[in-house]
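Here's the letter readout for the chains.
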Amino acid sequence: MSNQPFRRVAVIGAGTMGHGIAQVTAAAGVPVALYDLSSDAVERGLAHIEKNLEKGIARGKVTVEAKAATMANLRGTTSLEDAATGCDLVIEAVPEKLALKQSLFQELARFTAPSTVLGTNTSSISIARIASAAQDPTRVVGLHFFNPVHIMKLLEVVHHPGTSSDVIDAVRSYGKAIGKTCVFVKDMPGFATSRLGVALGMEAIRMVEDGVASAEDIDTAMVLGYRHPIGPLKLTDLVGLDVRLHIGEYLARELDNPAFEPPQLMRDMVERGQLGKKSGHGFYRW
Ligand SMILES: NC(=O)c1ccc[n+]([C@@H]2O[C@H](COP(=O)([O-])OP(=O)(O)OC[C@H]3O[C@@H](n4cnc5c(N)ncnc54)[C@H](O)[C@@H]3O)[C@@H](O)[C@H]2O)c1
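Residues numbered from 1 in each chain as written. Predicted model: local features only at pLDDT ≥ 70, side-chain atom pairs only at ≥ 80, totals over all residues. Heavy atoms only, no water.

### What to know about a positive patch on the surface
What counts, and what does not: Patch rule: a residue counts if its relative accessible area is over 30% and it has no salt bridge; like charges are joined within 9 Å, and nonpolar side chains (Val, Leu, Ile, Met, Phe, Trp, Tyr) within 5 Å. Each accessible area is a Shrake-Rupley estimate made with a 1.4 Å probe; only the visible protein chains count as cover when residues are assessed. Salt bridge criterion: a side-chain nitrogen from Lys or Arg within 4 Å of a carboxyl oxygen from Asp or Glu. We score Asp and Glu as negative and Lys and Arg as positive, and we do not count His or the chain ends. Just so you know, the charge point we use is NZ for Lys, CZ for Arg, CG for Asp and CD for Glu. A run of H or I in DSSP becomes a helix once it reaches four residues, and a run of E becomes a strand once it reaches two; helices and strands are each numbered from the N terminus. Buried, partly exposed and exposed residues are distinguished by accessible area as a fraction of the type maximum, computed with a 1.4 Å probe on protein chains only: under 20%, between the cut-offs, and over 50%, respectively.
Side chains of K51, K55, R59, K61 and K153 sit close together on the surface and give a patch of like positive charge. With respect to the helices and strands, K51 occurs in helix α2 (residues 39-58). Judged by its relative accessible area of 47%, K51 falls in the partly exposed class.

### Brief notes about the domain arrangement of the chain
Under the convention used in this document: For the domains described, the bounds stem from an automatic or database domain assignment.
Domains assigned within the chain are domain 1 (9-186) and domain 2 (193-279). Computed over C-alpha atoms, the centres of domain 1 and domain 2 are 29 Å apart.

### Re the site of the ligand
To keep it simple, the criterion reads: If even one non-hydrogen atom of a residue comes within 4 Å of a molecule or strand, that residue is called near it. The definition of a polar contact used here is a pair of N or O atoms within 3.5 Å, where within protein one atom must be able to donate a hydrogen and the other to accept one, and adjacent residues in sequence count solely through side-chain atom pairs. Each residue is assigned to one of three groups, with Ala, Val, Leu, Ile, Met, Phe, Trp, Tyr, Cys and Pro labelled nonpolar, Asp, Glu, Lys and Arg labelled charged, and all others, Gly among them, labelled polar.
Taken together, 21 residues are adjacent to the ligand, and M17, D36, E96, K101 and S123 come closest. At 2.6 Å from an oxygen atom of the ligand is found a side-chain nitrogen or oxygen belonging to D36. Within the side chain of E96, one N or O atom sits 2.5 Å away from an oxygen atom of the ligand. Bound to the protein, the ligand loses 73% of the 840 Å² it would expose on its own. Listing elements by their share of the shell around the ligand, those giving two or more residues are α1 (16-27) and α5 (98-108). Its residues assigned to classes, the shell around the ligand comprises ten nonpolar, eight polar and three charged.

### Concerning the packing of α2 against helix α3 (residues 64-72)
Test applied: An axis is simply a line fitted to the C-alpha atoms; with a helix, the fit covers only the stretch in contact. Between two such axes, the angle follows the N-to-C directions and lies from 0 to 180 degrees. For this classification, under 35 degrees means roughly parallel, over 145 means roughly antiparallel, 65 to 115 means roughly perpendicular, and everything else is oblique. The hand of a helix crossing depends on one turn: near helix anticlockwise from the far one by less than a right angle means left-handed, and clockwise means right-handed. Here, residues are in contact when the closest pair of their heavy atoms is within 4.5 Å.
Between α2 and α3, the shortest axis-to-axis distance is 9 Å and the interhelical angle comes to 165°. Put simply, α2 runs roughly antiparallel to α3. In this structure, α2 meets α3 at a crossing whose hand is right-handed. In this structure, α2 contributes L46, I49, E50, L53, E54 and I57 to the contact, and α3 contributes V64, K67, T70 and M71. Of the residues that constitute the contact of α2 with α3, the class distribution is six nonpolar, one polar and three charged.

### Description of the nonpolar core
The line we're drawing: Residues belong to one nonpolar core when they are buried, are Ala, Val, Leu, Ile, Met, Phe, Trp, Tyr or Cys, and are joined through side-chain atoms within 4.5 Å.
Among the nonpolar cores identified, the biggest contains 34 residues, and I21, L89, L143, F145 and Y174 are the most heavily contacted of them. Considering every element that reaches this core, the biggest residue donor is α1, with five residues. Ignoring anything within four residues of it in the chain, the contact list for L89 reads F6, R8, V9, A10, T116, V117, G119, L143 and Y174. L80, L104, L118 and V140 belong to the second-largest nonpolar core, a separate cluster that totals 24 residues.

### Looking at the packing of aromatic side chains
Which entries qualify depends on this criterion: A pair of Phe, Tyr and Trp rings is counted when the ring centres sit within 6.5 Å of each other, with Trp represented by its six-membered ring. The angle between the planes then sorts it: under 30 degrees is stacked, over 60 is edge-to-face, the rest tilted. Either the NZ atom of lysine or the CZ atom of arginine qualifies as a charge over a ring when it sits within 6 Å of the ring centre and within 35 degrees of the ring normal.
Scanning all chains against the criterion turns up two aromatic pairs. Seen in terms of ring centroids, F6 and Y174 are 5.8 Å apart; in terms of plane orientation they differ by 65°. Their pairing is edge-to-face. Placement of F6 in the segment before β1 (9-12) and of Y174 in helix α7 (residues 165-177) is noted, with a sequence separation of 168 residues between them. The same class applies to F6 as to Y174, namely buried. Summarising the aromatic geometry, the rings of Y284 and W286 are spaced 6.4 Å apart at their centres and angled 65° between planes, so their arrangement reads as edge-to-face. For W286, a relative accessible area of 40% gives the class partly exposed. Over the ring of F184 we find R172, and its NZ or CZ is 4.5 Å from the ring centre. Lying over the aromatic face of Y284, K234 brings its terminal NZ or CZ to 5.0 Å of the ring centre.

### Things to note about the sheet that holds strand β5 (residues 117-120)
What counts here: The criterion for strand pairing is that DSSP finds at least two bridges linking the strands in question.
Within the open sheet, the eight strands sit side by side as β3-β2-β1-β4-β5-β6-β7-β8. Their pairing is mixed. The two strands at the open ends of the sheet, each matched to only one other strand, are β3 (74-77) and β8 (181-186). With strand direction ignored, the average angle separating the axes of adjacent strands in the sheet is 25°. Pairing analysis gives three bridges linking strand β6 (residues 140-144) to strand β7 (residues 154-159), with the strands arranged antiparallel. Its bridge partner lying in β7, H144 is registered against E156.

### Thoughts on helix α8 (residues 193-209)
For an α-helix, 3.6 residues make a turn, and residues three or four places apart therefore share a direction. Where we set the bar: To estimate the expected span of a helix, count its residues, drop one, and scale the result by 1.5 Å.
With 17 residues, α8 ought to run about 24 Å at 1.5 Å a step, and its terminal C-alpha atoms sit 24 Å apart, in line with that. Listed as buried for α8 are S194, V198, G201, M202, A204, I205 and R206. At its buried positions, α8 is contacted by α9 (215-226), α10 (232-239), α11 (241-254) and α12 (264-271). Immediately beyond the C-terminal end of α8, within one or two residues, lies G211, with a positive phi of roughly 70°.

In structure tokens form, the structure reads like this:
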């Protein structure tokens, strides 16, 4: 692809997010190395990509040729050195642990050129703190993708105070080349997406608690009155009440704002095991 700024990309972590990031990048015509700790994890990631593409063919969204071209751009590896050497963009999608991400960025200095852009798919950790472990923090940027990556159009680009402007420009072109719409956000807890989404979700739960309306009616109000594709309570059920409770606590503390404080009703539901879709019961029966 002509406006693609990166010629070779490595994705670190082949889980839920990593395989999707590798897929959309390979589909844009870029050779991608997908790295994970075990060959099982790598194979699982590649198999997920193949399944996504097959579903795309069944729906008429992907051609047989495009699937073959995407798969040909992908290779799996269990060596970080093999994955990262010669890449101009490395994106990490390893579990949400600061120490893990920092040690990875530290190690990457051994295998990457000074010009290599280092992206992190963290959903909540400060980009500046992750970047502090890199040899050159100015090359580090948040690339917050959404699940499932091959379907969701948004790419939230998060810059810390030191992120270089040429990194942001390159990432802007990359986002375009992989068919995403980028939003550019300062490195603040919750970025733009979680901060607004969680605030709405917490207020909706407080409204159920106060008996303002039923969960169904609050969701319908947002869907039909504000054109949201899904109501805030159904979305909380999909994400998981336990997951959102932790994010709410984190944002309340970090932003010093009680609007993010999880309501008692939410704490009680989590205590009872009503976690949303994954437990079969949340604000809805699943
Ligand atoms: N799941 C989501 O909806 C979502 C959305 C946006 C952002 N994120 C963020 O993306 C990141 C990854 O999340 P996920 O849901 O894909 O997790 P996941 O558990 O599905 O995948 C993580 C992968 O990383 C691998 N891994 C662990 N340690 C590693 C290491 N040292 N080197 C290489 N690989 C390693 C694991 O084997 C696993 O395959 C997290 O930071 C998360 O916060 C997740």
